[in-house]
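Overview (structure and organization)
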Amino acid sequence: MNTPTIKHLPGGKAALTFTISPEEAQPYIDEAVRVLQEAKPIPGFRPGKASYAEVAKAFSEMRIWETALERVVRASYLKALIDLDLDTVGSPEIQVEKLVPGHPISFTATAPLMPRVEKLADVNASITEYSARTVSDEEVDKALTDLRRMQRKEVRTLEAATKDHLVILDLGMKRENVPLEGGAGRDYRVFLGEEHYIPGFTEKLIGMNEGEERTFTLKFPDGHYQKHLSGQDVDFTAKATGIFRLEMPALDEAFAKSLGQESVDALNNVLRENLNEEEAERARQKCEIAMLEALVDASTFTDIPEILVNEEVRKMVAELEHSLEERGMNTEDYLTSIKKTLDTLRMEFVPQAIRRVKTATLIKEVAKRENIAVTDAEIDHDLDHILDSLRPDDTQTRERVTSPEYREYMGIMLRNQKTLELLKGRCIKGYVPRKPHVHGGHEEKE
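Criteria and cut-off values
Residues numbered from 1 in each chain as written. Predicted model: local features only at pLDDT ≥ 70, side-chain atom pairs only at ≥ 80, totals over all residues. Heavy atoms only, no water. Helix = DSSP H or I, 4+ residues; strand = E, 2+ residues; numbered from the N terminus. Phe/Tyr/Trp six-rings, centres within 6.5 Å; stacked < 30°, edge-to-face > 60°. Buried < 20%, exposed > 50% of the residue type's maximum accessible area, 1.4 Å probe, protein only. Pairing = 2+ DSSP bridges. Axes fitted to C-alpha atoms, helices over the stretch in contact; angles between N-to-C directions. Salt bridge = Lys/Arg side-chain N within 4 Å of Asp/Glu carboxyl O. Core = buried A, V, L, I, M, F, W, Y, C linked by side-chain atoms within 4.5 Å.

Turning our eyes to something else, we now look at unusual backbone geometry. Here E176, not a glycine, exhibits a phi torsion of approximately 55°, which is positive. Phi angles above zero are rare outside glycine, and K339 is one such case at about 55°. Within the fold, K339 resides in the loop between α8 (331–337) and α9 (342–369).

Right, here's the structure in full:
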């Protein structure tokens, strides 16, 4: 088949115009003749055995060519993508310019192209410098206290409540003497030493005794996610059904052993090492962001197709919704609190979405130039680790993880990780890679 003419269009699209001669189309014409008579047999002929003339007489010659057209278009388009090394996104739009039996077929296929790096920044230049803060003794002590707090015991007491106590409440809320929907609850746990989502709430409970009931009014904060309560005065009725003293375990060898360490010093050292590694990881992430932003800004790219930008925006909205769910909020209340619509938010995400697409394109280009590859053994290693972490009866996830599509996804992820490590080693002065985790005596790649 003849090579199509290519016209690059704004928005990262390309139009490929094809002219297919009758001779080139003949195999697909023959296939159309067979398909038509098999779908609807012609009287007097065995299925698939009637001639072109007989099929044309039964169905019309134009019907034969229209049936062949889809096969001609698909074969021509796919061959052109391979021959011209074109990387398209989604399905093409097909415009048929000429379809006349016995004459050349003309059509144009228009499709978005994956963006490419036109000019790559210097990936060997030092862009930023790695520097991680060393944690203080006070931070290690706080971490020890937090660990002890996690194992504290709740001991019922007849003492009056202080900031060191847990209070169990039966709680009711009203606004203008009308009970709030969902505003009543039993056995509501309030740690008086912790901040509450309604300012001043815990202070109203200081000094309570078991069995005591208090009523008070508090103003909900402006911009509260429950928009009908934002800035409103709410009347509370709180009855203490229990006061508990919080007793933390002693910082001794027994406590250290309960956490898998032989001594308090050993526990202290592990905490310090972990906290320092967290600081190191924050420094790595900060350097990685600075490096990628600099590389993207110093590179030039072909146009980013709208379909890719929209897909990236969709991912960003999904990430936001997941984050809100983890914080106990929903998207509608969040949008109300920031006084924006979902469409407005999507528009605001567009610049960052374009940058994310450019970043992925840059990493892909560096991987190509540096011949970075991922072996089957590396993919198998990571997939096996995922499968080992799943429940035996989680068949749905196991099928997804073992699918060819997920294997391809894992290969891309590992290639990107290798590429990023290469870039960070070159572009970040003093870069210190993260330490590998160990699973079952084997090092586990991040």
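After that view of the structure, there is still more to cover.
Each aromatic ring pair is characterised by the separation of its centres together with the angle its planes make. Scanning the model with the defined rule gives seven aromatic pairs in all. Each ring, one from F18 and one from F107, has its centre 4.8 Å from the other, and the planes form 15°; the classification is stacked. With F18 in strand β2 (residues 13–20) and F107 in strand β4 (residues 105–112), the pair connects residues that are 89 residues apart, well separated along the chain. Of the two residues examined, F18 and F107, each falls in the buried class. Considering the side-chain rings of F220 and F236, the 6.4 Å spacing of their centres and the 10° angle between planes classify their relative orientation as stacked. Here F220 is found in the loop between β11 (213–219) and β12 (233–247), whereas its partner F236 is found in strand β12, with 16 residues between them in sequence. As far as the burial class goes, F220 and F236 line up, both buried.

Our next topic: the sheet that holds β2. What links the strands of a sheet is backbone hydrogen bonding, and the strands pair in either a parallel or an antiparallel sense. Across the sheet, which stays open at both edges, the four strands sit in the order β1-β2-β4-β3 with antiparallel pairing between neighbours. Of all the strands in the sheet, just β1 (5–9) and β3 (93–98) have a single pairing partner and so form its edges. Between one strand axis and the next, the sheet turns through 20° on average, direction left out of account. The pairing of β2 with β4 spans eight bridges and is antiparallel. Its bridge partner lying in β4, T17 is registered against T108.

Bringing the pattern of salt bridges into the picture now. Tallied over the entire structure, the rule returns 35 salt bridges. For E279, the salt bridge goes to R133, with nearest N and O atoms at 3.0 Å. Of the two residues, E279 is situated in helix α6 (residues 264–297) and R133 in the loop between β6 (128–129) and α4 (137–150); the sequence distance between them amounts to 146 residues. When its relative accessible area of 14% is taken as the criterion, E279 is described as buried. Residues D146 and K142 are paired through a salt bridge, measuring 3.1 Å at the closest nitrogen-oxygen approach.

In summary, soluble globular proteins display a tendency toward joint burial of nonpolar side chains. In terms of nonpolar packing, the biggest core is built from 30 residues, with F18, I20, V55, I64, I105 and F107 touching the most fellow members. Elements that contribute at least two residues to this core include exactly β2, α1 (22–39), α2 (52–59), α3 (61–84) and β4. The biggest single contributor to this core is α3, with nine residues.

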